[in-house]
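Residues per chain are reported as follows:
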Amino acid sequence: MGGEGNVYTLSEVSEHNKRKDCWLVIEGQVYDVTKFLDDHPGGDEVLLSATGKDATDDFEDVGHSSAAKAMMDEFYVGEIDSSTIPTQTKYTPPKQPHYNQDKTTEFIIKLLQFLVPLLILGLAFGIRIYTKSA
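Residues numbered from 1 in each chain as written. Predicted model: local features only at pLDDT ≥ 70, side-chain atom pairs only at ≥ 80, totals over all residues. Heavy atoms only, no water.

Engineer: For the sheet that holds strand 4 (residues 29-32), give the residues involved together with the corresponding values.
Structural biologist: Across the sheet, five strands lie side by side as 1-5-4-3-2; this open sheet has mixed pairing. Sheet topology places strand 1 (7-8) and strand 2 (17-18) at the edges, where each strand pairs with a single neighbour. Pairing of strand 2 with strand 3 (residues 21-26) involves two bridges; the strand directions are antiparallel. Looking at the pairing, K18 lines up with D21 of strand 3. (Pairing = 2+ DSSP bridges. Helix = DSSP H or I, 4+ residues; strand = E, 2+ residues; numbered from the N terminus.)

Engineer: A description of the layout of surface pockets should follow, citing residues and the corresponding values.
Structural biologist: In this approach a probe as big as a water molecule rolls over the atoms, and the regions it shows empty are the leftover space. For the largest pocket, the calculated volume is near 410 Å³. In terms of lining, the largest pocket is formed by 21 residues, of which the most central are F36, H40, L47, F59 and H64. Top contributing element to the lining of the largest pocket by residue count: helix 3 (residues 56-62), with three residues. In terms of residue class, the lining of the largest pocket is built from 16 nonpolar, four polar and one charged. (1 Å grid on protein atoms, 1.4 Å probe; cavity = no way out; pocket = protein on both sides within 12 Å on 5 of 7 lines; lining within 4 Å. Points joined across faces, edges and corners; volume = space filled by probe spheres on them. Nonpolar A, V, L, I, M, F, W, Y, C, P; charged D, E, K, R; others polar.)

Engineer: Hey, could you go over the side chain of D44 for me, with residue numbers and the actual values?
Structural biologist: By the element assignment, D44 lies in helix 2 (residues 44-48). Under the relative-accessibility criterion, D44 is labelled buried at 18%. (Buried < 20%, exposed > 50% of the residue type's maximum accessible area, 1.4 Å probe, protein only.)

Engineer: So what's going on with unusual backbone geometry? Which residues, and what values?
Structural biologist: Backbone geometry at E27 places phi at a positive 50 degrees, although glycine is not the residue there. Relative to the helices and strands, E27 is located in the loop between strand 3 and strand 4. Under the relative-accessibility criterion, E27 is labelled exposed at 53%.

Engineer: Describe the environment of Q29, and please don't skip the residues or the numbers.
Structural biologist: In this fold, Q29 is placed in strand 4. Look at Q29 and you get partly exposed, because its relative accessible area is 25%. Between the alpha carbons of Q29 and E79 there is a distance of 4.4 Å; along the sequence they are 50 residues apart. Not counting residues within four places of it along the chain, the set of residues in contact with Q29 comprises L24, Y76, G78, E79 and I80. (Contact = heavy atoms within 4.5 Å.)

Engineer: Let's hear about the packing of aromatic side chains: which residues, and what values?
Structural biologist: Counted under the stated rule, the structure contains three aromatic pairs. Residues Y8 and W23 carry aromatic rings whose centres are separated by 5.1 Å and whose planes lie at 75 degrees to one another, so their mutual orientation is edge-to-face. Of the two residues, Y8 is situated in strand 1 and W23 in strand 3; the sequence distance between them amounts to 15 residues. Of the two residues, Y8 and W23, both sit in the buried class. (Phe/Tyr/Trp six-rings, centres within 6.5 Å; stacked < 30°, edge-to-face > 60°.)

Engineer: Which residues make up the nonpolar core, and what values do they have?
Structural biologist: Formed by 15 residues in total, the largest nonpolar core has its most connected members in L24, I26, Y31, V33 and L47. For this core, the secondary structure elements donating two or more residues are strand 3 and helix 2. In terms of residue count, the dominant contributor to this core is strand 3 (three residues). Beyond its immediate sequence surroundings of up to four residues, I26 is in contact with Y31, D54, A55, T56, F59 and M72. (Core = buried A, V, L, I, M, F, W, Y, C linked by side-chain atoms within 4.5 Å.)

Engineer: Go over a nonpolar patch on the surface with me, naming the residues and quoting the values.
Structural biologist: Together, F107, I108, L111, L112, F114, L115, V116, L118, I120, L121 and F125 line one region of the surface with nonpolar side chains, adding up to about 1100 Å² of accessible area. As for its position among the elements, L121 is in helix 5 (residues 101-133). (Patch = residues over 30% accessible without salt bridge, like charges linked within 9 Å, V, L, I, M, F, W, Y side chains within 5 Å. Areas by Shrake-Rupley, 256 points an atom, 1.4 Å probe, with all protein chains shown as cover. Salt bridge = Lys/Arg side-chain N within 4 Å of Asp/Glu carboxyl O.)

Structure follows, in structure tokens:
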């Protein structure tokens, strides 16, 4: 394996993000996959989109064969300084407002203040039309 003992920061590895110079970080190890771009079964865009970050999850999600994993040895250039990889924060949904039952009575009162006059008005028009037709 070439480059044994070299330790790179994520920013150093991130500079290698082009078709003619493509490095990936997988499981804490840095790989120069430039020569493999044309041969990658998923196409070069898959590899290029995984540059500049820890691509371990991307690599594992695909389910590579043991032969593919063994092939990685020839592209190894060193290790990644793990302190330079940002920690993934777990998504925390925003807090929902607390349901206040006291406000329910306020809502019902406001609703009734709107509906009762409409009901009285509708009833008055109904009586008026009924008395005119009789």
